[in-house]
Amino acid sequence: MKKLNKIAFISFFLTHFFLFAQNSQTIRGLISDKESKYPLIGVTIVVSSTDPIIGTTTNEFGEFKLQNVPIGRHILSISYIGYKPQTVPNIVVSSGKETILDFQLEENVVQTDEVVINGYGDKTATNNQMAVISARSFNLEEAQRYAGSLNDPARMAANYAGVSGTNDNRNDIVIRGNSPLGLLWRLEGIEIPNPNHFGALGATGGPISMLNSNQLAKSDFFTGAFTSNFGNANSGVFDLQMRRGNNEKREHLLQIGFNGLEAGTEGYFSKKSKASYLINYRYSTLGILDALGMNLGTGGAVPQYQDVNFKVDIPTQKIGKFVVFGIGGMSNISLLDSNIPKIDTNDAKKSYYNNGTQDIKYQTRMGIIGFSHTYFFNPNTYLKTVIANSGVSEPTIVDSVIRIPAISTIPDYEGNFSNFRSSINMSLNKKIDRKNVLNFGFNVDRISFVLKDKFNKETNPIVAPNWQDIRNSTGANFLIQAWVQHQHKFTERFMVNYGLHSQYFTLNTNSFALEPRLGTRYQLSEKLAFNSGLGLHNQTQMQFLYYQKTFTNGIYSETNKNLGFTSSAHAIAGIDYNFKKDWRLKIEAYYQNIYNAAVETRPSYFSSLNIGGDFSIPNKDSLINNGRGYNYGIEFTLEKFFGNGFYLLQTTSIFTSKYKGSDDIWRNTAFNGGYVINLLGGFEQKISKKFILVIDTKGTLAGGRRTTPIDLITSRENKRTEFDFTRAYEDQFPFYFRTDLKIGFRIEGKKVTQQFSLSLQNITNHLNAFNRVYNANVVANSSQEVKINPQLGLLIIPQYRILF
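Residues numbered from 1 in each chain as written. Predicted model: local features only at pLDDT ≥ 70, side-chain atom pairs only at ≥ 80, totals over all residues. Heavy atoms only, no water.

What is the right way to look at the overall build of the protein in this model?
Counting its secondary structure elements, the protein contains 6 helices and 45 strands. Whereas a compact globule of 804 residues would reach a radius of gyration of roughly 28 Å, the protein reaches 27 Å, a difference of no more than 12%. Its C-alpha atoms give the protein principal-axis dimensions of about 80 × 80 × 45 Å. Approximately 33800 Å² of the protein is accessible, and the part contributed by carbon and sulfur atoms is 58%. (Helix = DSSP H or I, 4+ residues; strand = E, 2+ residues; numbered from the N terminus. Rg over C-alpha atoms; globule rule 2.2 N^0.38 Å. Areas by Shrake-Rupley, 256 points an atom, 1.4 Å probe, with all protein chains shown as cover.)

Listed below in structure tokens is the structure:
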């Protein structure tokens, strides 16, 4: 009895300590000049939402600290003589973690003696000061807030205008009808490989992201006409930044949810220095969800994966700031149809990827390690150098499954693709004066590779395999890029950015390009602005295309090695109308002309513009740069930023995407859905001082996925799915519709924050079409001869997170 009383007392004490003690926390960070990035001394920062008001100023290093700020959401007001003031609403202060924020102030073109705080800054303003159109920023809270995003930055971006996300199984970013391969991923200023588990070599998406949203700082996302410092991309850019760890206090995180079981820690190395570390590790929990009977869309197979993200930040007073960062991930899955005695078309164990006829064993490995150094020559000039190494490995084994007279397997395909990249990026930024900023630099990548795959020509299971090479190449090439860009502010209202980007791929003499870029912004009034952007953009082909082998008369040859870049010209115009506090209307119209796409020499439907929508790798030889394409459309964004306890985001994209292969026929691209409409909203309700209810919802209506009709005659003869490519992408599945709901609550203890959420994916259980296959197990001409496999149905995902 005494023991029970002691336990009850301890329980009561802990509950009282964590939940009912008076809570407060610290807000601190760094304030710098937007153009020069140099710390600003003496900036005034005020928490205007507290009574009494809490305020401070930045020290000699541009740092500020606001202590004893009550938990909840607050408004910061920032002012500095000669600079435009900022009012930053909805700063989340929680008890389990200090709030660390960095701000950049823009200097006035015309100097005045007074500063009046009277407006709210652009909450989507980018880190990149040269960006004026088709660009927005996002932060950690947004990456974790939106329903259906699963803490994945790529799935979060699918809510933005111009982006299509109608594949529940992958997070591919389809921008304005372009292939997802047109996207450039950057981390800490350097190009990185596909940061997704189970992502094919050269692809940009996958089922599960390796990027940890708990690690991200404010980052930029571009959907067209991007600035001159970005290259080797035709559709968009994800320019990601990692946040730095807390250099004054050690803090920790534990989390379990769809993306895995996660542990994170951050803190200081020594209280005598300002250096910090931040690391997060995650291990797959999909095995648990599978055991609970949840359909993961992979049949009887369970994906296994793990990843780690880290950053070490070492600022110094005299020799600049040093940063070490990295990401590593491993994943594997075995889709074994030979383990299923009989394939039923409705069998939940049957995978949609191999249709009951194959055993697939697939692995991916990816790693990045980088080092950066930023050095200020003076308050207006700095040099940033980034050196990184990255690697990707992708071994694959495919066997055909034979069921008559008994289950057996025949080796079908074996592949081992590896890619290793050593990179250096150097950029010099010079703020000439209040009106002019100059930025120039270069990037050199050494890309080494191993591309080996083969297929078995023998179909008899009792005969030894007869292997024929598809690719068997090793080597290295260089991708060299350089750029210069200049920003000039004619007045406070009118700004022009112009620049030139160049790139050269050393594989052949056909891969050199000069790309002029131009962006303008005219602020007609305090609420209304006009923006425009023009630019040429070029991109290398997927690496495996260059080394496709052709076997003719007993001789192998590589007929694609002279392929040049795929090129595109972007033209965009738009308006931003901040018609009310916290409300914004944004409209953009665009046209993209695409040329020099890779197509076959013989008349064919094929074009490289359609690669990237699935896991398959096309084996096409004798390619030339004669393909064409175009995309055009208009986009609307109506956004109510978080305020008064709620937010809204409505985006509408109406677009057309066409291409022409070597058969000279204009067709829909694989990504021409036609329209995407997203509606998101959410609110927070404080139940008590310590309990906050959070509800977020999302609805998506979009044009269905494009598909090629099945050739039934050939499919019946070969007893497998065969497509009629003379009618490529002619058909379209019914509209895509999905509604997601996330319900959660936050508990603020004295030094601990706990977050519980329940995410209901596709709450209406609307079965959107995934693909269409031929079913050889039914009678010809029956209604089940052609089957449409659905995407994910209702999926319930719990998540628990604790910060302490």
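Structure's up, so let's keep going.
Is there a simple way to think about unusual backbone geometry in this case?
Note: most residues except glycine have negative phi, and most peptide bonds are trans. With an omega dihedral of 5°, the bond running from aspartate 51 to proline 52 counts as a cis peptide bond. The backbone of lysine 37 sits at a positive phi, close to 65°, despite the residue not being glycine. In this fold, lysine 37 is placed in the loop between β1 (24-33) and β2 (44-47).

Mind showing me how you'd approach the sheet that holds strand β7 (residues 99-105) here?
Within a sheet, neighbouring strands are paired by backbone hydrogen bonds and run either parallel or antiparallel to one another. With mixed pairing, 3 strands are arranged side by side in an open sheet as β4-β1-β7. The strands lining the two open edges of the sheet, one partner per strand, are β4 (63-70) and β7. Adjacent strand axes in the sheet meet at a mean angle of 25° when their direction is disregarded. The pairing of β1 with β4 spans 6 bridges and is antiparallel. When the bridges of β4 are listed, glycine 29 appears paired with phenylalanine 64. (Pairing = 2+ DSSP bridges. Axes fitted to C-alpha atoms, helices over the stretch in contact; angles between N-to-C directions.)

Please explain the environment of asparagine 259 as it appears in this structure.
Here asparagine 259 is to be found in the loop between β17 (251-257) and β18 (260-268). Given a relative accessible area of 11%, asparagine 259 falls into the buried group. Those residues in contact with asparagine 259 that lie beyond four places of it in its chain are Leu150, Asn151, Ile208, Arg282 and Tyr305. (Buried < 20%, exposed > 50% of the residue type's maximum accessible area, 1.4 Å probe, protein only. Contact = heavy atoms within 4.5 Å.)

For this particular structure, what's the right way to read the pattern of salt bridges?
One side chain can pair with another of opposite charge once the charged atoms of both are near each other. Applying the stated criterion across every chain, the model contains 50 salt bridges. Note that glutamate 141 is salt-bridged to arginine 73, the shortest N-O span being 2.7 Å. Here arginine 73 lies in strand β5 (residues 72-79) and glutamate 141 lies in helix α2 (residues 140-145), a separation of 68 residues in the sequence. When salt bridges that share partners are traced, they join Asp33, Glu35, Lys84, Glu106, Glu107, Lys431, Lys489 and Glu492 into one network. (Salt bridge = Lys/Arg side-chain N within 4 Å of Asp/Glu carboxyl O.)

Could you clarify how one ought to interpret a nonpolar patch on the surface in this entry?
A contiguous nonpolar surface patch, about 670 Å² in accessible area, is contributed by Phe440, Phe478, Ile480, Val484, Leu500, Tyr504, Phe512 and Leu514. When contributions to the nonpolar patch are tallied by element, the ones reaching two or more residues are β26 (467-489), β27 (494-505) and β28 (512-523). Here the nonpolar patch takes 3 residues from β26, the largest share from any one element. Positionally, valine 484 belongs in strand β26. Taking the relative accessible area as the measure of exposure, valine 484 reaches 36% and is therefore partly exposed. (Patch = residues over 30% accessible without salt bridge, like charges linked within 9 Å, V, L, I, M, F, W, Y side chains within 5 Å.)

Whenever I open this one, the nonpolar core confuses me. Can you help?
Counting 83 residues, the largest nonpolar core has Phe138, Tyr160, Ile173, Trp185, Phe221, Phe238 and Ile327 as the members making the most contacts within it. Here the element with the most residues in this core is strand β21 (residues 321-336); it accounts for 5 residues. Ignoring any residue separated from it by four or fewer positions in sequence, one finds tyrosine 160 in contact with Arg136, Phe138, Glu142, Tyr146, Phe221 and Thr651. Counting residues in hydrophobic clusters, the runner-up holds 18 residues, among them Ile31, Ile45, Ile78 and Phe103. (Core = buried A, V, L, I, M, F, W, Y, C linked by side-chain atoms within 4.5 Å.)

Where do I start with the confidence of the model for the protein in this structure?
If pLDDT is low for a region, its predicted coordinates should not be looked at in detail. Averaged over all residues, the pLDDT of the protein equals 89, while 92% of them reach at least 70. Averaged over each element, pLDDT in the protein is lowest for helix α1 (residues 2-19) (42) and highest for β27 (98). Between residues 113-119, whose pLDDT stays under 50, and residues either more than four places distant or in other chains, the model counts 14 contacts. (pLDDT = per-residue confidence, 0-100.)

Before we go on, may I ask you to explain the side chain of serine 448 in this structure?
By the element assignment, serine 448 lies in strand β25 (residues 436-456). Setting aside residues up to four positions removed in sequence, serine 448 forms contacts with Ser418, Asn419, Phe420, Gly475 and Ala476.

Looking at this structure, how should I read the packing of aromatic side chains?
When we look at a pair of aromatic rings, we describe it by the centre distance and by the angle of the planes. Within the structure shown, the criterion is met by 29 aromatic pairs. With centroids separated by 6.0 Å and ring planes inclined at 45°, the aromatic side chains of tyrosine 146 and tyrosine 647 adopt a geometry described as tilted. Here the residue tyrosine 146 occupies a position in the loop between α2 and α3 (153-157), and tyrosine 647 occupies one in strand β35 (residues 646-660), the gap between them amounting to 501 residues. The exposure classification of tyrosine 146 matches that of tyrosine 647, with both residues buried. Taking 6.5 Å as the distance between ring centres and 70° as the angle between the ring planes, the aromatic pair formed by tyrosine 546 and tyrosine 547 counts as edge-to-face. Across this residue pair, the class does not change: tyrosine 546 and tyrosine 547 are buried. Site record: aromatic cluster; members linked through ring pairs are Phe138, Tyr160, Trp185, Phe221 and Phe238. The positively charged end of arginine 176 is found above the aromatic ring belonging to tyrosine 590, 4.4 Å away from the centroid. A cation sits over an aromatic face here: lysine 640 above phenylalanine 646, 4.1 Å from the ring centre. (Phe/Tyr/Trp six-rings, centres within 6.5 Å; stacked < 30°, edge-to-face > 60°. Lys NZ or Arg CZ within 6 Å of the ring centre and 35° of its normal.)

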